[in-house]
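For reference, the chains in residue letters:
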Amino acid sequence: MKLFTGTTSLDTILVWLAAGAFLVGAVVNASGHPKIRAGFVGLRFPFWWCWVTAAFELVTAVLLVTAGTRYIGVALGACIMLAAIAAILRIRNYRELPPPFVFLLLLALAGVSGQV
């Protein structure tokens, strides 16, 4: 597996920052901590959805840093974050919106920076 090497240091930083954010999200969700599971239930997902989300986030992180697959990672990560935003809006818990918006911003910056 060839890891992505950006054309500029800013490009590399943005991609690795986005990948790191998704990796941390994957680890947190994969922990299955009762508070994590309760958060998913509060968003009207089954308690086990945290593990599904963790898998998608891990795949996103790998795709972001693997040469030639960054845009697939950006697309998958955007789908994950848009689903999170939609779930938060559905229950009208607006104070939970900043994290998925930050992830979406990181993805957008990683997607438009440098060459793939």
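Refer to the structure above for everything that follows.
Keep in mind it's a predicted model, so treat the numbers as computed, not measured.

Conventions we followed
Residues numbered from 1 in each chain as written. Predicted model: local features only at pLDDT ≥ 70, side-chain atom pairs only at ≥ 80, totals over all residues. Heavy atoms only, no water. Helix = DSSP H or I, 4+ residues; strand = E, 2+ residues; numbered from the N terminus. Rg over C-alpha atoms; globule rule 2.2 N^0.38 Å. Buried < 20%, exposed > 50% of the residue type's maximum accessible area, 1.4 Å probe, protein only. Areas by Shrake-Rupley, 256 points an atom, 1.4 Å probe, with all protein chains shown as cover. Salt bridge = Lys/Arg side-chain N within 4 Å of Asp/Glu carboxyl O. Core = buried A, V, L, I, M, F, W, Y, C linked by side-chain atoms within 4.5 Å. Contact = heavy atoms within 4.5 Å. 1 Å grid on protein atoms, 1.4 Å probe; cavity = no way out; pocket = protein on both sides within 12 Å on 5 of 7 lines; lining within 4 Å. Points joined across faces, edges and corners; volume = space filled by probe spheres on them. Nonpolar A, V, L, I, M, F, W, Y, C, P; charged D, E, K, R; others polar. Expected span 1.5 Å × (residues − 1).

Caption draft 1: Focus on the overall build of the chain. Secondary structure assignment for the chain yields five helices and zero strands. Listed N to C, the secondary structure of the chain is α-α-α-α-α in terms of helices and strands. Radius of gyration (C-alpha) of the chain: 14 Å, near the 13 Å computed for a compact globule of 116 residues. Overall, the chain is about 40 × 25 × 20 Å in size when its C-alpha atoms are taken along their principal axes. Buried residues in the chain amount to 37% of all 116 residues. Approximately 6,600 Å² of the chain is accessible, and the part contributed by carbon and sulfur atoms is 75%.

Caption draft 2: Layout of the pattern of salt bridges. Throughout the structure, instances matching the rule amount to one salt bridge. Put simply, D11 and R70 hold a salt bridge, and the shortest N to O gap is 3.6 Å. Of this pair, D11 sits in helix α1 (residues 9-30) while R70 sits in helix α4 (residues 70-91), placing them 59 residues apart in sequence. Taken individually, D11 and R70 each receive the classification buried, so the pair is uniform in this respect.

Caption draft 3: Structural detail: the environment of W51. Within the secondary structure, W51 sits in helix α3 (residues 49-65). Exposure remark for W51: the relative accessible area of 36% places this residue in the partly exposed category. Measuring from C-alpha to C-alpha, the distance between W51 and A30 comes to 5.2 Å, with 21 residues separating the pair along the chain.

Caption draft 4: Representation of the nonpolar core within the structure. One finds A18, A19, F22, L64, M81, F103 and L107 to be the most contacted residues of the largest nonpolar core, which totals 15 residues. Broken down by secondary-structure element, the contributors of at least two residues to this core are α1, α3, α4 and α5 (98-112). No other element matches the five residues that α1 contributes to this core. Those residues in contact with L107 that lie beyond four places of it in its chain are F22, L64, G73, V74, G77 and A78. Core analysis: the second largest hydrophobic core is formed by five residues, I85, A87, I88 and L97 among them.

Caption draft 5: Focus on the layout of surface pockets. By volume, the largest pocket is sized at about 790 Å³. In this structure, the largest pocket is lined by 26 residues; those nearest its centre are N29, F40, L43, E57 and A84. Mapped by element, the contributors of at least two residues to the lining of the largest pocket are α1, α2 (34-42), α3, α4 and α5. By residue class, the composition of the lining of the largest pocket is 18 nonpolar, five polar and three charged.

Caption draft 6: Just α3, in detail. Between its terminal C-alpha atoms α3 stretches 25 Å, which fits the 24 Å expected from 17 residues at 1.5 Å a residue. Restricting attention to buried positions, one finds in α3 the residues C50, T53, A54, E57, T60, A61, L63, L64 and V65. If you follow the buried residues of α3, they end up packed against α1, α2, α4 and α5.

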